[in-house]
Amino acid sequence: QVQLVESGGGLVQPGGSLRLSCAATGIMFATYGMGWYRQGPGKQRELVAGVSGGGSTNYADSVKGRFTISRDNAKNTVYLQMNSLKPEDTAVYYCNVRIVWVNYWGQGTQVTVSS
């Protein structure tokens, strides 16, 4: 059974930093690409960053240069380091893995950027 558990969200002031973690179980973690998505108030869910099994990364234009995705295959965990946070980064952040035609999601972690 695939399970993704996110942690690390919270309230932070503009310009601050947070690191999100997503622990995966039930999959051969190193085999799969992993992604972070977010859904802001009244918005559609969007891809923030992805990392392939081999470590290649891609980012949404809105977070390039501020966010860094990484993975630790020994810990079955993917991370999202978020720096220079802006109020528009406020959203629920979700971890994702796609296996064949099925998308698996974590429960989400709230990130609020506000003074």
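Residues numbered from 1 in each chain as written. Predicted model: local features only at pLDDT ≥ 70, side-chain atom pairs only at ≥ 80, totals over all residues. Heavy atoms only, no water.

Q: Hey, could you run me through the packing of aromatic side chains in this one?
A: Any two aromatic rings considered together are summarised by their centre-to-centre distance and by the angle between their planes. Following the criterion strictly, the structure yields two aromatic pairs and no others. Between Tyr37 and Trp105, the aromatic rings sit 5.0 Å apart at their centres with planes inclined by 75°, giving edge-to-face as the arrangement. In this pair, Tyr37 sits in strand E4 (residues 34-39) while Trp105 sits in strand E10 (residues 102-105), placing the two residues 68 residues apart along the sequence. Note on Tyr94 and Trp105: the rings are 6.4 Å apart at their centroids and 85° apart in plane angle, and the pair reads as edge-to-face. (Phe/Tyr/Trp six-rings, centres within 6.5 Å; stacked < 30°, edge-to-face > 60°. Helix = DSSP H or I, 4+ residues; strand = E, 2+ residues; numbered from the N terminus.)

Q: I keep staring at the nonpolar core and nothing clicks. Help me out?
A: Side chains of a nonpolar character, in soluble globular proteins, are inclined to be buried together. Grouped together as the largest cluster of nonpolar side chains are 29 residues, with contacts concentrated most on Trp36, Val78, Leu80, Met82 and Tyr93. Where this core is concerned, the elements lending two or more residues are strand E3 (18-25), E4, strand E5 (46-51), strand E7 (67-72), strand E8 (77-82), strand E9 (91-99) and strand E11 (109-113). If one sorts the elements of this core by residue count, E9 sits on top with five residues. Dropping the residues within four chain positions of it, Val78 is found in contact with Leu20, Ser21, Cys22, Phe29, Met34, Trp36, Val51, Ile69, Ser70, Arg71 and Cys95. (Core = buried A, V, L, I, M, F, W, Y, C linked by side-chain atoms within 4.5 Å. Buried < 20%, exposed > 50% of the residue type's maximum accessible area, 1.4 Å probe, protein only. Contact = heavy atoms within 4.5 Å.)

Q: I'm lost on the pairing of E11 in this one. Help?
A: Working note: regular strand, side chains alternate between the two faces of the sheet. Alternating residues of E11 divide into Thr109, Val111 and Val113, all buried, and Gln110 and Thr112, none buried. As paired elements, strand E2 (residues 10-12) and E11 share three bridges and run parallel to each other. Among the inter-strand pairings, Leu11 is bridged to a residue of E11, identified as Thr112. Note: E9 against E11, three bridges, orientation antiparallel. Bridge pairing links Tyr93 to Thr109 in E11. (Pairing = 2+ DSSP bridges.)

Q: Explanation requested: the environment of Ile69 in the structure shown.
A: Mapped onto the fold, Ile69 is located in strand E7. Counting along the chain gives eleven residues from Ile69 to Asn58, while the straight-line C-alpha distance between them is 8.5 Å. Sequence-distant contacts of Ile69, that is, excluding residues within four places in its chain, are made with Met34, Trp36, Ala49, Gly50, Val51, Thr57, Tyr59, Val78, Tyr79 and Leu80.

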